[in-house]
Amino acid sequence: MRAASPRSAQLSGYAGIANTQVTPLHEVQLENIHRFSSNTAELDRVLGGGIVLGSVVLIGGDPGIGKSTLLLQAMCQLSLSHKALYVTGEESMQQVALRAHRLGLPQQQLQLLPETNVERILAVAAQIKPQVMVIDSIQTMNTDLLQSAPGGVGQVRECAAQLVRFAKNTGTTVFLVGHVTKEGMLAGPRVLEHMVDTVLYFEGEADNRIRLIRAIKNRFGAVNELGVFAMTEKGLKEVNNPSAIFLSRSSEPASGSVVMVTWEGSRPMLVEVQALVDTTHLANPRRVTVGLDSNRLAMLLAVLHRHGGIATYDQDVFVNVVGGVRVAETGADLAVLLAILSSLRNRPLPNDLIVFGEVGLSGEIRPVPSGQERLREAAKHGFKRAIVPKANAPKGGIDNMDIISVRQLAEALGQL
Ligand code: TYD
Ligand code: MG
């Protein structure tokens with residue numbers, strides 16, 4: 001007889017507790033994902049193509065940014081074709097009804113429940129069996145299982161866990177509203193991100209009407225998909241052509257302004273990048289960005305100095321993406337550098353020029369994904385000239401567009 005190896009001897013110690021089964025990956029039965037439209041195209045887009053049955057969606061954002069407005073609008077529309085329940089823990093029934101009335105929403109079919117106790121909510125939901133349920137907001141909910149005050153991490157987590165379990169067991173789609181809390185994110189939506197299928201965050205400035213909804217996590221679709229809305233007196237209106245709204249600039253060319261094509265999720269978007277470069281009076285000149293990563297700006301200024309021979313150590317540099325958009329992709333690099341140079345030299349760039357491309361540390365201009373689609377979007381909006389990375393220039397060109405392809409920063413700077 002062969003002596004047992006030390007490894008199998010060690011493993012045999014665990015054998016007694018193995019009573020659950022493993023399955024070979026290829027034998028797992030694939031279930032179709034059932035989706036239905038929310039009747040709001042921009043919301044469907046960020047959800048990955050519609051609402052998934054039995055999924056749990058977390059919608060986070062600053063208080064007052066429009067979470068309740070969006071969900072009330074969507075639920076009223078949805079209730080015409082699906083059974084929908086709106087649980088309001090924050091506003092009274094009167095307040096919700098008043099808003100629905102003011103916005104002229106269809107109100108006949110939507111069920112309203114003013115309640116903050118999760119056990120009671122689930123008991124009601126088990127009776128009326130909604131297909132979609134909104135919890136507004138998760139921070140107002142409490143559970144009998146815990147003694148602590150509502151809004152604390154424990155309560156928020158436990159309430160969400162019960163709602164997630166209900167969604168999975170019954171196939172109900174649940175939308176959780178979560179306020180982003182200013183003083184740390186402790187009891188905010190962040191602690192729930194791992195429990196839910198999809199996480200959407202509202203972005204936007206309080207003094208601006210544009211509201212962006214970005215998918216941060218999605219088990220049923222692409223992340224970084226962006227939905228664009230505008231807050232009006234009549235509620236949130238979808239913006240189906242975001243490029244048009246972010247590009248409302250004057251026809252006079254101004255120095256420091258460059259239009260770039262960014263890629264958001266599955267579509268291109270034209271946005272204006274503005275730079276202001278001004279002599280500094282500080283030992284540490286200021287580098288300020290709005291809508292861009294400030295570390296990236298510091299890096300770009302170093303590349304501009306090292307490979308373009310243009311120094312900014314005695315200049316304050318401010319860079320802003322117009323319209324409250326956040327551009328997280330590196331395709332903005334070249335546009336940022338050209339905007340800075342335009343402001344520094346006080347020389348406007350042509351009004352019909354668009355720019356995109358990543359700038360590497362050795363001054364090389366690197367290609368970005370979906371170059372052709374970006375160029376086509378620009379051509380659609382009447383842009384006639386483009387400065388783009390060499391590898392992004394289409395072989396056959398683009399109709400009515402003069403494309404300048406560049407490999408090195410020096411070439412791009414030479415084009416101005
Ligand atoms: P709300 O949806 O209540 O925000 P949240 O649920 O995220 O806290 O949004 C309220 C804000 O939106 C409020 O400040 C007023 C504004 N608003 C409009 O401008 N127009 C409208 O039609 C509605 C309903 C709200
Ligand atoms: Mg609200």
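Right above here is the structure, for reference.
These notes cover the structure that comes with them. Every chain's residues receive numbers from 1 upward, in the order its sequence appears when written. All chains are assigned letters beginning with A, and all ligands numbers beginning with 1, in the order in which they are written. Only residues with pLDDT of at least 70 are given local features in this predicted model, and only at 80 or more are side-chain atom pairs given and counted; all residues enter the totals for whole chains, interfaces and linings. Water and hydrogen atoms were dropped before computing side-chain values, which therefore reflect all heavy atoms in the structure.

Side note on the sheet that holds strand β8 (residues 198-203)
Between any two strands, pairing holds if DSSP finds at least two bridges. Secondary structure elements follow DSSP: runs of H or I of four or more residues count as helices, runs of E of two or more count as strands, with numbering from the N terminus. Taking strand neighbours across the sheet as the criterion, the 9 strands line up as β5-β4-β6-β7-β3-β8-β9-β10-β11 in an open arrangement whose pairing is mixed. In this open sheet, the two edge strands, each paired with only one partner strand, are β5 (111-114) and β11 (235-238). For this sheet, the mean inter-axis angle between neighbouring strands, taken without regard to orientation, is 25 degrees. The pairing of strand β10 (residues 226-232) with β11 spans 4 bridges and is classified as antiparallel. Residue Met 231 lies in a different strand from β11, and its bridge partner there is Leu 236. Here, residues are in contact when the closest pair of their heavy atoms is within 4.5 Å. In this description, a line fitted to the C-alpha atoms serves as the axis of each element, helices being fitted only across the stretch in contact, and the angle between N-to-C directions of two axes falls anywhere from 0 to 180 degrees. Relative to the sheet, helix α6 (residues 153-170) contacts β3 (56-61), β6 (132-136) and β7 (173-179), its axis offset from that of β7 by approximately 160 degrees.

Description of the pairing of β6
Note on exposure labels: buried denotes an accessible area under 20% of the residue type's maximum, exposed denotes more than 50%, and partly exposed covers the range between, all computed with a 1.4 Å probe on protein chains only. In terms of burial, β6 is largely enclosed, as 5 of its 5 residues are buried. Residues Val 132, Val 134 and Asp 136 of β6 are buried on one face, and the alternating residues Met 133 and Ile 135, pointing to the opposite face, are buried as well. As judged from the 5 bridges shared by strand β4 (residues 84-88) and β6, these two strands associate in the parallel manner. For Thr 88, the partnering residue across the bridge sits in β6 and is Asp 136. The pairing of β6 with β7 spans 4 bridges and is parallel. The residue bridging Val 134 from the neighbouring strand is Phe 175, located in β7.

Some words on the site of ligand 1
The near set for a molecule or strand comprises every residue that places at least one heavy atom within 4 Å of it. Close to ligand 1 lie 17 residues; Gly 64, Ser 68, Thr 69, Thr 232 and Gly 235 are nearest. Residues adjacent in sequence count toward polar contacts only when both atoms are side-chain atoms; beyond that, a polar contact is any pair of N or O atoms within 3.5 Å, and within protein one must be able to donate a hydrogen and the other to accept it. Within the backbone of Ile 65, a nitrogen or oxygen atom sits 3.4 Å from an oxygen atom of ligand 1. For every accessible area listed, the method is Shrake-Rupley and the probe measures 1.4 Å; residues are considered covered only by the protein chains on display. Expressed as a share of its isolated accessible area of 560 Å², the protein-covered part of ligand 1 is 73%. Elements supplying a minimum of two residues to the shell around ligand 1: α3 (67-78), α4 (93-102) and β10. Residue contributions to the shell around ligand 1 peak at 3 residues, all from α3. Classifying every residue of the shell around ligand 1 gives 4 nonpolar, 7 polar and 6 charged. Polarity classes work like this: nonpolar for Ala, Val, Leu, Ile, Met, Phe, Trp, Tyr, Cys and Pro, charged for Asp, Glu, Lys and Arg, and polar for all others, with Gly in that last group.

Keep in mind that these numbers describe shape and distance, not what the molecule does.
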